[in-house]
Amino acid sequence: MLGGKIVLSKLENDNISLKEVYKDYFPIGAAIAASDLEDEGQREILLKHFNSITPENSLKFAIIHPEEDEYAFDDGDKIVNFAAENRMMVRGHTFVWHNQVPEWLFKDESGEAVSKEILVERLKAHINTLCRRYNDKIYAWDVVNEAVEDKSDFLYRDSQWYKIIGEEYLDLSFKIARQASQNAVLFYNDYNNEKPEKLHKSYKLLKSMIDRGVPIDGIGIQGHWDIHDRDLFDNLKAAIELYASLGVKIQITELDVSMFSFDDKTRSILKPTDEMIEQQSKVYKKLFEIFRYYKEVISGVTFWGISDKHTWKDNFPVKDRKDWPLLFDVDGRPKSAFYSIIDF
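This section reports on the structure supplied with the text. (Residues numbered from 1 in each chain as written. Predicted model: local features only at pLDDT ≥ 70, side-chain atom pairs only at ≥ 80, totals over all residues. Heavy atoms only, no water.)

Here the focus is the environment of Ile277. On the secondary structure map, Ile277 appears in helix α11 (residues 274-293). Taking the C-alpha atoms as reference points, Ile277 and Met259, separated by 18 residues in sequence, lie 8.2 Å from one another. Every residue in contact with Ile277, bar those within four places of it in the chain, is listed here: Met259, Pro272 and Ser336. (Helix = DSSP H or I, 4+ residues; strand = E, 2+ residues; numbered from the N terminus. Contact = heavy atoms within 4.5 Å.)

Below is the structure:
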């Protein structure tokens, strides 16, 4: 201990667990696929460093409920049961989203748009089925995901949920989820909601819901960031403080730090440069300084993946481009970003 700072050698770092370092702060999570549990390297990292899991895709509507009378529970069951066996927490993701929804959901037998009443009943059946199956094995749910429009002056995204049910669909989703699961922590989850324009839209939406008595318990800040955003830290602190004023829990739900800005269409980089790696380490270090500072209101930090071996950023927004946004490299070794967030 030097001046209140924990100083660890690299050898000691190699033997330390991320979840243990942060046990007095907040749970450390990772989004996973069922296939990760069959990968020895991914599984080893997961068990050593993480105490919370989010099924990356397995609980999304189109995956788990592909037909009205058909559920595909296999992958969801594998992940949830693995977590229970290893005393890990599970975040459920997600009941209501405009993407990854099955074709049948919004249509009637003739292929026309379904009525509001039928869509609400389908939503209720879906939420009730998942909550009954997983009961207290899932401690939190992203009830509604990405409902705020970020490309215009409109508050609500023009999704099929909004077109058919209207703005009431958010209130109904949370009320149905609360009835189905009395103990789960219910979150609204979104991306870019730390940026000023979307922050104030999201705040307006959440405050109005809370004022109406909607049972919303928390806000998820996804955290899909990159090494080039110069306004990130100030924006993030302002967002945490504004959301905290609502009296809700705050979680970082889908954290990764891309080597590329969203508008960068570069394709030819085969591995990150030393400068990229150093800058990513600095960004992660500063982010976790902020998370620790606000530990009284931040109740969880989840990375959107386990290691750089495979992540959703490998093909998005540029097809076939590799990215390296996480703490562990393609071989599962800790990167400098890992060391930057455990040495404090």
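Residue pairs three or four apart in sequence face the same way in an α-helix, which turns once every 3.6 residues. With 20 residues, α11 extends 29 Å from end C-alpha to end C-alpha; this agrees with the ideal 28 Å at 1.5 Å per step. Here the buried face of α11 lies against β1 (28-32), β7 (224-226), α10 (232-244), β8 (249-258), β9 (298-303) and α12 (336-342). (Expected span 1.5 Å × (residues − 1).)

Take the pairing of strand β4 (residues 140-145) next. Burial within β4 is extensive, with six of its six residues counted as buried. When strand β3 (residues 89-96) meets β4, the two strands line up parallel, connected through four bridges. Within β4, the position partnered with Val96 by the bridge is Val144. Remark: the β3/helix α6 (residues 116-134)/β4 crossover connection has right-handed handedness. (Buried < 20%, exposed > 50% of the residue type's maximum accessible area, 1.4 Å probe, protein only. Pairing = 2+ DSSP bridges. Right-handed = clockwise from strand over helix to strand, strands pointing away.)

So, about the side chain of Gln280. Tracing the sequence through the fold places Gln280 in helix α11. Polar side-chain contacts of Gln280 include one of 2.9 Å to the backbone oxygen of Val257. A polar contact is formed between the side chain of Gln280 and the side chain of Lys335, at a distance of 3.1 Å. Look past the residues within four positions of Gln280 in its chain and what remains in contact with it is Ile227, Val257, Met259, Trp324, Pro325, Leu326, Lys335 and Ala337. (Polar contact = N/O pair within 3.5 Å; in protein donor to acceptor, adjacent residues only side chain to side chain.)

α10 packs onto helix α9 (residues 196-211) with a crossing angle of 10° between their chain directions and a minimal axis gap of 11 Å. Between α9 and α10, the angle falls in the class roughly parallel. Between α9 and α10, the residues in contact are Pro196, Leu199, His200, Ser202, Tyr203 and Leu206 and Asn235, Ala238, Ala239, Leu242 and Tyr243, respectively. Considering only residue class, the contact of α9 with α10 consists of eight nonpolar, three polar and no charged. (Axes fitted to C-alpha atoms, helices over the stretch in contact; angles between N-to-C directions. Parallel < 35°, antiparallel > 145°, perpendicular 65-115°, else oblique. Nonpolar A, V, L, I, M, F, W, Y, C, P; charged D, E, K, R; others polar.)

It is worth spelling out a negative patch on the surface at this point. Negative charge collects at one region of the surface, where Glu67, Asp69, Glu70 and Glu103 lie side by side. Among the secondary structure elements, Glu67 is positioned in the loop between α4 (61-64) and α5 (74-85). A relative accessible area of 41% places Glu67 in the partly exposed class. (Patch = residues over 30% accessible without salt bridge, like charges linked within 9 Å, V, L, I, M, F, W, Y side chains within 5 Å. Areas by Shrake-Rupley, 256 points an atom, 1.4 Å probe, with all protein chains shown as cover. Salt bridge = Lys/Arg side-chain N within 4 Å of Asp/Glu carboxyl O. Lys, Arg positive; Asp, Glu negative; His and termini not counted. Charge placed at Lys NZ, Arg CZ, Asp CG, Glu CD.)

Turning next to helix α8 (residues 168-180). Spanning 13 residues, α8 covers 18 Å between terminal C-alpha atoms, matching the ideal 18 Å at 1.5 Å per step. For α8, the complete set of buried residues consists of Tyr169, Leu170, Asp171, Leu172, Ser173, Phe174, Ile176, Ala177 and Arg178. Check the buried side of α8 and you find it contacts β3, α6, β4, α7 (160-165), β5 (185-190) and α9.

Now for the pattern of salt bridges. Taken as a whole and judged by the stated rule, the model has 21 salt bridges. Its salt-bridge partner being Asp150, residue Lys198 comes within 3.9 Å of it at the nearest N-O pair. Linking Lys198 in helix α9 with Asp150 in the loop between β4 and α7, this pair joins segments that are 48 residues apart in sequence. Where Lys319 meets Asp320, a salt bridge forms, and the shortest distance between an N and an O atom there is 3.9 Å. Among the residues examined, Lys319 registers a relative accessible area of 56% and is labelled exposed.

Attention now moves to the nonpolar core. Ranked by internal contacts, the top residues of the largest apolar core, which has 101 residues, are Phe288, Phe291 and Phe303. With residues near it in sequence (within four places) discarded, Phe303 still touches Leu18, Ile28, Gly29, Ala30, Ala31, Phe50, Leu255, Tyr284, Phe288, Leu326, Leu327 and Ile341. (Core = buried A, V, L, I, M, F, W, Y, C linked by side-chain atoms within 4.5 Å.)

The residue Asp226 is located in strand β7 in this model. The buried charged residue Asp226 lacks any salt bridge, with Lys195 as its nearest oppositely charged partner at 6.7 Å. Within polar-contact distance, the side chain of Asp226 engages the backbone nitrogen of His228 at 2.7 Å. At 3.2 Å, the side chain of Asp226 and the backbone nitrogen of Asp229 are in polar contact.

Scanning all chains against the criterion turns up 23 aromatic pairs. Relative to Phe338, the ring of Phe328 lies with its centre 5.4 Å away and its plane at 45°, an arrangement referred to as tilted. Taken as a pair, Phe328 in the loop between β9 and α12 and Phe338 in helix α12 lie far apart in primary sequence, 10 residues in all. The pair Phe328 / Phe338 is uniform in exposure class, with both members buried. (Phe/Tyr/Trp six-rings, centres within 6.5 Å; stacked < 30°, edge-to-face > 60°.)

Don't take any of this as a statement about function, it's just geometry.
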